[in-house]
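Take a look at the letters that make up each chain.
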Amino acid sequence: MISFTPSEEQIVMKETLEKLVQSLIKDNAHDMDEKREIPGEFIEKFRELGTAQSPIPEEHGGYGLPSSPLMNAIILEELAAGDMGYAIASTLPSLFITALLDLGSDAQKAKYLPAFAAGECEGTLAINEPRFRFDAMMPATTAEAKGGSFVINGTKCYVPLAGKAKHILVAARSGNENGLFIVDAGTAGMAVGEKEKNLGLNTLETNTVHFTECKIPEENKLTGADGYDRLLQKTRVAMAALGTGVSRASYEYARNYAKERVQFGEPIASRQAVAFMIAEMAYEVDAMRLMTWKAASSLEAGRDAKREAYLAKLYTGEMAMKITDYGVQVLGGHGYIREHPVERYYRNGRGISCLEGLAAV
Amino acid sequence: MLNLETPDYIANLRNGINNLAKSVLRPVARKYDEEEHAYPKELDMFRGMQILGKPKKKKKEGEEKSAADSGPAKPKKGINLSTVAVIEEMCWGDAGLLLSIPNAGLGNAAIAAVATDEQMERFGNMWAAMAITEPGSGSDSGSIGTTAILEGDEWVLNGEKIFVTCADRCDCVVVWATVDKKAGKSGIKSFVVEKDRPGFKLEHLEHKLGIRASDTGTFVLDNCRIPKNNILGSAEVKQGTEGFKGVMKTFDNTRPMVASMATGIARAAVDFMREKILENGITLDYSANPNNISAIEKEFYLMEAHLEAMRLLTWRAAWMADNEQFNNTEASMSKAKAGRYGTLITQKACELLGPLGFTRDELAEKWMRDSKIMDIFEGTGQIQHLIVARNVLEMSSKELK
């Protein structure tokens, strides 16, 4: 039955994360952004909740609960409302786990999942490429089958925590189809570059990763081209959830500021020119969330969500720019100063439409 | 449990109504746009179907108790969601014709909401229009100047009402008038005025930009006398603005309906665009990065995305009403978004269609004209923004004018 109200369990998760973000992230996000790092214990604090382990089958050390795209969308929005880089870094194991659960063979699951279930392992996804007209559906990176191995060539960028990851899932073109290949850290022919310097997401360590005649065993390929499409859908919905979170943060900050900032003897919120921007921010953030939940609902029902996921990412990508722009504008000159978080939201918000595959629901 | 999948009963309802819209409304959409004010006789088949403002049936014991109703937190099937779903399909057919469905005027909704059994008996089968706006009173409906004075067993009404939908075709009009100007908003009451009452005159019909199938008119009330018991609700003037707020609360139900009208028209434009795009060999596969596709594809995807956002905001507001949640903010949000983006989507469709978007041989130009009203009536887009802003900023109407 259709319902716009989250379940008890979903509400509890949302409130738990709201508190976590309030106590840990909100006041520290500025320093984190300036120092371009997240204290390890902040990431641990979230991971202690065990959301990554939740869908791992019991036989592999997890809780064996059904994976829920809707719950994951709620989690990502809440964390991104604190800091988008934090949201991506702290949920990163889920990205790898989701891919394995959906596409991995029994042998692959048995090989990789226990270490993730124990929380001892970092894994990441390499999907973006540093080139004009990049398209996730058409990777320029190739994986060529050669006598029981795959040989990978190409360059990936914006690979989250690539320097820390034990396994990197690489999206590559193999023959006439897209595939995902597990490359272990230290494999000859793979070079992880320096931490990238980006417009936003400063708190998140991302790296460019080069593959030169990088040879991996045949069994490191995850199944099927359909699976790649499905994973892409899940990452697009996740990007939409992140976009909703960062936009919401900007909206809430601007709304509160407009009530307190006094000019001409009254709060600027009492002027329609400002108030109407706040109203638009309010309903667009809701619309972004509903678009995200709509696509997540399709995934949750096990249906193909290609169209819904695509439209959700497109919409939230456009709107994240509009809303975070409004956030800066409501604060005027103050919005341009790094003391206020709206400038950071504006930079981070740009990532939604520029990038793919930084998280999965 | 969150779930935004379209339920089967809504999907089936939409299919059924869409067939009706396709076979009955679309074929005559252009005809009644050209023949403004002619009565669309094809709509007689809808008499009694009461698509808009369906009166609440008193629940019989055990009736309508589905499994979904068994727990307090379980979502309910309700009339608001199915109504907005039906409206979208009908407006996909033709919005002006939907507004002309017999016995389904806004006045019918007002009567159904508050009428006594005796009033229901007299007015229940009439086609009731709604008269609120006056030449000097638009968005500020608390400032209306039409007066009602009780003389013995009769109310005597004086004033002028404009922009009355179904003015010519209706049987009676629900007229807003003040019984005590000094009392301000709390003095405003609504009265049922039958068309044949002396002193009640349809002055003229308007010529409009769009929704021309719908007849919009001006009434003059010149010492118009109606029976004392034609007043809807209590005649008592209470202190404060509670009574007026109650009247305004009707809008929380009707605004999502208008949002849905905008959604229906915009979808007509989007569907037509898709048809043309596919005819011309462009594939729409919802996968390539938006920076890697042609401008027309990108624009089209954006139109679709906004359309989806309009519908979701609308369905949420309606669903909340069905589940007895206060939806004042969400109702205005849906109309603010849908009113504006319905206008933008239909404009964009004409732009992308080029010459096909300017000719009256196609309906695209008509949709652009029709959709414009959705950002105006039942509260302009600006009024909706004001309501949303006051609610989210927690500011009173004095603090945020």
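Cut-offs and rules
Residues numbered from 1 in each chain as written. Chains lettered and ligands numbered in written order. Predicted model: local features only at pLDDT ≥ 70, side-chain atom pairs only at ≥ 80, totals over all residues. Heavy atoms only, no water. Helix = DSSP H or I, 4+ residues; strand = E, 2+ residues; numbered from the N terminus. Rg over C-alpha atoms; globule rule 2.2 N^0.38 Å. Buried < 20%, exposed > 50% of the residue type's maximum accessible area, 1.4 Å probe, protein only. Contact = heavy atoms within 4.5 Å. Areas by Shrake-Rupley, 256 points an atom, 1.4 Å probe, with all protein chains shown as cover. Lys, Arg positive; Asp, Glu negative; His and termini not counted. Charge placed at Lys NZ, Arg CZ, Asp CG, Glu CD. Axes fitted to C-alpha atoms, helices over the stretch in contact; angles between N-to-C directions. Parallel < 35°, antiparallel > 145°, perpendicular 65-115°, else oblique. Left-handed = near helix turned anticlockwise from the far one by under 90°. Nonpolar A, V, L, I, M, F, W, Y, C, P; charged D, E, K, R; others polar. Salt bridge = Lys/Arg side-chain N within 4 Å of Asp/Glu carboxyl O. Domains from an automatic or database assignment. Buried area = accessible area lost by both parts, 1.4 Å probe.

### Comments concerning the overall build of chain B
Helix and strand counts for chain B come out as 10 helices and eight strands. Its C-alpha atoms give chain B a radius of gyration of 22 Å, within 12% of the compact-globule value 21 Å for 401 residues. C-alpha extents for chain B along the principal axes are approximately 75 × 50 × 45 Å. Looking at chain B as a whole, 55% of its 401 residues qualify as buried. In chain B, the proportion of contacts linking residues at least 24 apart, taken out of those at least 6 apart, comes to 74%. Summed over all atoms, the accessible surface of chain B reaches about 17,300 Å², with 52% contributed by carbon and sulfur. One finds the centroid of the 52 positive side-chain charges in chain B at a distance of 3 Å from the centroid of its 56 negative side-chain charges.

### Some points on the packing of helix H1 (residues 8-34) of chain B against helix H2 (residues 79-93) of chain B
Residue and element names in this part refer to chain B. Two elements in contact, H1 and H2, have axes separated by 7 Å at closest approach and are oriented at 30°. With respect to their mutual orientation, H1 and H2 come out roughly parallel. Judged by the twist between their axes, the crossing of H1 over H2 is right-handed. When H1 is examined against H2, the residues Tyr9, Ile10, Leu13, Arg14, Ile17, Asn18, Ala21, Lys22, Leu25, Arg26 and Ala29 are found in contact with a partner set consisting of Leu81, Ser82, Ala85, Val86, Glu88, Glu89, Met90, Trp92 and Gly93. By residue class, the composition of the contact of H1 with H2 is 12 nonpolar, three polar and five charged.

### Brief notes about the pattern of salt bridges
Counting across every chain of the model gives 56 salt bridges over all chains. Across the salt bridge formed by A:Arg248 and A:Glu252, the nearest N and O atoms sit 3.3 Å from each other. Of this pair, A:Arg248 and A:Glu252 both sit in helix H7 (residues 225-260), four residues apart, which is roughly one turn of that helix. In this structure, A:Arg347 and A:Glu343 form a salt bridge, with 2.7 Å as the shortest nitrogen-oxygen distance. Remark: A:Glu343 and A:Arg347 occur in helix H10 (residues 342-349); sequence separation between them is four residues, near one turn of the helix. Salt bridges sharing common partners tie together A:Arg307, B:Arg14, B:Glu88, B:Glu89, B:Arg267, B:Asp271, B:Arg274, B:Glu304, B:Glu308 and B:Arg311.

### Some points on the domain arrangement of chain B
All names here are of chain B. Under the domain assignment used here, chain B contains domain 1 (8-107), domain 2 (126-232) and domain 3 (242-393). Between domain 2 and domain 3, the C-alpha centre-to-centre distance is 30 Å. With 11 residues of domain 2 at the interface, the matching set in domain 3 holds 11 residues. Carbon and sulfur atoms supply 73% of the area that domain 2 and domain 3 bury against each other, a total of about 940 Å² over both sides. Sorting the residues of domain 2 by area buried against domain 3 places Trp176, Leu209 and Ile211 first, and these three jointly supply 47% of that buried surface. Between domain 2 and domain 3 we count zero salt bridges in total.

### With respect to the domain arrangement of chain A
As a measure of interface size, the accessible area lost when the parts come together is often cited. All names here are of chain A. We note that the domain assignment places domain 1 (8-120), domain 2 (124-224) and domain 3 (226-354) within chain A. In this structure, domain 1 and domain 2 have C-alpha centres spaced 22 Å apart. In this assembly, 24 residues from domain 1 lie in contact with 22 residues from domain 2. Taken together, both faces of the contact between domain 1 and domain 2 bury some 1,900 Å²; the carbon and sulfur share is 65%. Summed over the three residues of domain 1 that lose the most area to domain 2, namely Arg36, Phe96 and Leu103, the buried surface amounts to 34% of that side. Of all the secondary-structure elements, those providing two or more residues to the side of domain 1 that touches domain 2 are helix H2 (29-35), helix H5 (84-103) and helix H6 (106-117). Examining the composition of the side of domain 1 that touches domain 2, we find that 11 residues originate from one element, H5, more than from any other.

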